[in-house]
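Listed here are the chains, written in short residue letters.
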Amino acid sequence: MKHLIGFITKNLLRMVLLLLCVAIVTFALISISPIDPLSANVGQTALGSLSAEQIAKLEEYWGVGQPPVTRFVAWAKDFIRGDMGVSLLYRQNVSAIIGERLKNSLLLMTLAWLLSGILGFLLGIIAGARKGSLADKLIQGYCLTISSTPVFWLALILLLIFAVWLKWVPIGLSVPIGVEAADVTFLDRLRHAILPALTLSITGIANICLHTREKLIDVMNSDYVLFAKARGDKTGRIVRRHGIRNILLPAITLQFASISEIFGGSILVEQVFSYPGLGQAAVTAGLGSDVPLLLAITIISAAIVFAGNFTANVLYGVIDPRMRKGVKR
Amino acid sequence: MPLLKVENLSISFRQYTKAFQQTALIVVRALDLSINPGEMVAIVGSSGSGKSLLAHAILGILPYNASMAGRLYYDDKPLDKKRVETLRGKEIVLVPQGITYLDPLMKAGRQIHNGQRGKAAHQKTLSILSRYGLDEKTAERYPFELSGGMARRVLISSAVYSEPRLVIADEPTPGLHIQAARRVLGHFREMAEKDAGVLLITHDLELARQTCDRIVVFYAGYTIEEALARDFDQVETLRHPYTRALWQAMPQNRFSAEDGRQPAAHINPEGCIYAPRCKDASDLCRQSIPYQPLRGGYVRCIRKEHYDT
């Protein structure tokens, strides 16, 4: 227990350091970008009609001419207090936008993450247990094809088939059009999330499936599986008794570590499905020079990805007896 | 009536030498032995000579690219793949080499009773463990918490759990100090005393001599001699020039090694496999050499009269 607390503290410290680094790098990149706070916030035409005094006033307000370090410290101070600034494009507090967008994205990503994890693991077991069989070849073929398919293209194809031709699911957005926010049910949200989530998970499956297959083949070639065979165990029983036990941990770890990929994929998928999530907001913010929003999204995504990896690490320590008990001795 | 009889067993592997050229690498060429109930028989050969394959062949668990020929009899009836599937893990058990044969993420107890549920299984596991001097905490341990000697005894426990009639022990002693090794072999002797047949696969001739009833010597894919353990008391009672050279090489004897080395698996001279190193080899040795009885044992040597003292 004492070890676990130490482990968590150490990792939290690491997370703070990482976020600091991410913040510094992002801030540095943005400050060398050609975004001019005045023309971005006031607009090019309005800027032309302003007097020199007005411009000087605005420049002082936006901190033009101040050294980057001063600007960074000012921004970071506010950020830590919870004030992420006001979004240029949405004219709302950044924290409010992120809260709303994150809710949408989390539904989408959780669905995709669970689907890809469970399906990928099952397919990987089928392929690995019967290596060289027709099922194995089909599953491998699927995985390799999907891995080499761009996710946005796949999203377009699925959108075409299921939303345009078959009309099973809505074509985009996260809620029905023309319905009051209060009347939107969870089922409505689910119906809108299902196709983007499916698209995301289809690509996620390949990763976890190929990994599981490889691990299971290793296990099936191990000495202890040979011994199980010598004891008269059939393949099915061996997979259930020894296979799953030995591949579940690495699979869980990989799945938690793959949050970053799902996150990256969600940006493209949200764009295709016009799904108002964090990914779409990131694209909008980037294209629209919305600096406060872009900065905040970067920090939040880094935190989420780190949290995924962190969870994987903690789970390993808690579940694997070799790590759990190894410390005690 | 022997419990297990192996006649002219050969084992080969399909191998790709060039991109699409397949050849068969014959690792075991002619292996003969038999085990009676209540008897402990050792098959002795140098490390990496393919002895372990015998265990896998008997149990029908050779890898997919291996094939075997020859005859196996268990209880005087042919032991084919179908029959061994019903017997392995019950009447015929394997005691593997070491800790890697235990699932690293499963507690020892569950590996001994192999997933049988209920109090009876648990009680039986504990009583077997205590027979081998292991306390009940061992059942709750994971393999990484066991020492090498404890892991060996856990593996033996898993073998005796099903009350087998034939025990095949594949190198059960390497890495153990001499007392621990003797104790482990003592456990096999106890099984033989309960009328099980025990086949010990080992490279340790001295240990085999001390603990087994009969010793079969394996050289470059052939069994070349079958001797009683006491035949190793002096060199004159041994039947094959290689076995005699082995005797000379033992530390308590002359401790002197012969020149040359065992030919690799892909080299197969005409006639006697040992002829290139044999001091007494003659033109006669170029023909194929039968495995013949001699003084209560067997020998694969055409000049056996030469050694019939």
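The coordinates are above.
Residues numbered from 1 in each chain as written. Chains lettered and ligands numbered in written order. Predicted model: local features only at pLDDT ≥ 70, side-chain atom pairs only at ≥ 80, totals over all residues. Heavy atoms only, no water.

Chemist: Give a detailed account of the packing of helix α6 (residues 94-129) of chain A against helix α14 (residues 291-319) of chain A, specifying residues and quantitative values.
Modeler: Residue and element names in this part refer to chain A. α14 packs onto α6 with a crossing angle of 45° between their chain directions and a minimal axis gap of 10 Å. Classed by the angle they form, the pair α6 and α14 counts as oblique. The handedness of the crossing between α6 and α14 is right-handed. Of α14, the residues touching α6 (which contributes V94, I97, I98 and L102) are P292, L293, A296, I297, I300 and I304. Tallied by class, the residues present in the contact of α6 with α14 amount to 10 nonpolar, no polar and no charged. (Axes fitted to C-alpha atoms, helices over the stretch in contact; angles between N-to-C directions. Helix = DSSP H or I, 4+ residues; strand = E, 2+ residues; numbered from the N terminus. Parallel < 35°, antiparallel > 145°, perpendicular 65-115°, else oblique. Left-handed = near helix turned anticlockwise from the far one by under 90°. Contact = heavy atoms within 4.5 Å. Nonpolar A, V, L, I, M, F, W, Y, C, P; charged D, E, K, R; others polar.)

Chemist: Can you break down the side chain of E171(B) residue by residue, with the values?
Modeler: All names here are of chain B. Checked against the element boundaries, E171 lands in the loop between β7 (166-170) and α6 (178-193). For E171, a relative accessible area of 8% corresponds to the buried category. A distance of 3.0 Å separates the side chain of E171 from the side chain of H203, its partner in a polar contact. Leave out the neighbours within four places in its chain, and E171 touches K51, Q97, I201, T202 and H203. (Buried < 20%, exposed > 50% of the residue type's maximum accessible area, 1.4 Å probe, protein only. Polar contact = N/O pair within 3.5 Å; in protein donor to acceptor, adjacent residues only side chain to side chain.)

Chemist: Can you explain the packing of helix α12 (residues 259-272) of chain A against α14(A)? Please cite residues and give values.
Modeler: Residue and element names in this part refer to chain A. The contact between α12 and α14 brings their axes to 8 Å, and the two run at 145°. Touching I259, S260 and F263 of α12 are S301, I304, V305 and G308, all from α14. Looking at the contact of α12 with α14, its residues break down into four nonpolar, three polar and no charged.

Chemist: So, the interface of chain A and chain B: which residues are in play, and what are the values?
Modeler: The partner chain B presents 25 residues to the 21 residues of chain A that form the contact. Taking both sides of the interface into account, the surface hidden between chain A and chain B amounts to around 2,400 Å²; carbon and sulfur atoms contribute 54%. For the chain A face of the interface with chain B, the top three residues by lost area are F227(A), R231(A) and R245(A), together amounting to 28%. Here chain A and chain B share zero salt bridges between them. Between chain A and chain B we count 14 residue pairs in polar contact (both at pLDDT 80 or more) in total. Looking at the side of chain A that touches chain B, the elements with two or more residues in it are α10 (223-230), α11 (235-257) and α15 (321-328) of chain A. Of the residues belonging to the side of chain A that touches chain B, the class tally is five nonpolar, four polar and 12 charged. (Buried area = accessible area lost by both parts, 1.4 Å probe. Salt bridge = Lys/Arg side-chain N within 4 Å of Asp/Glu carboxyl O.)

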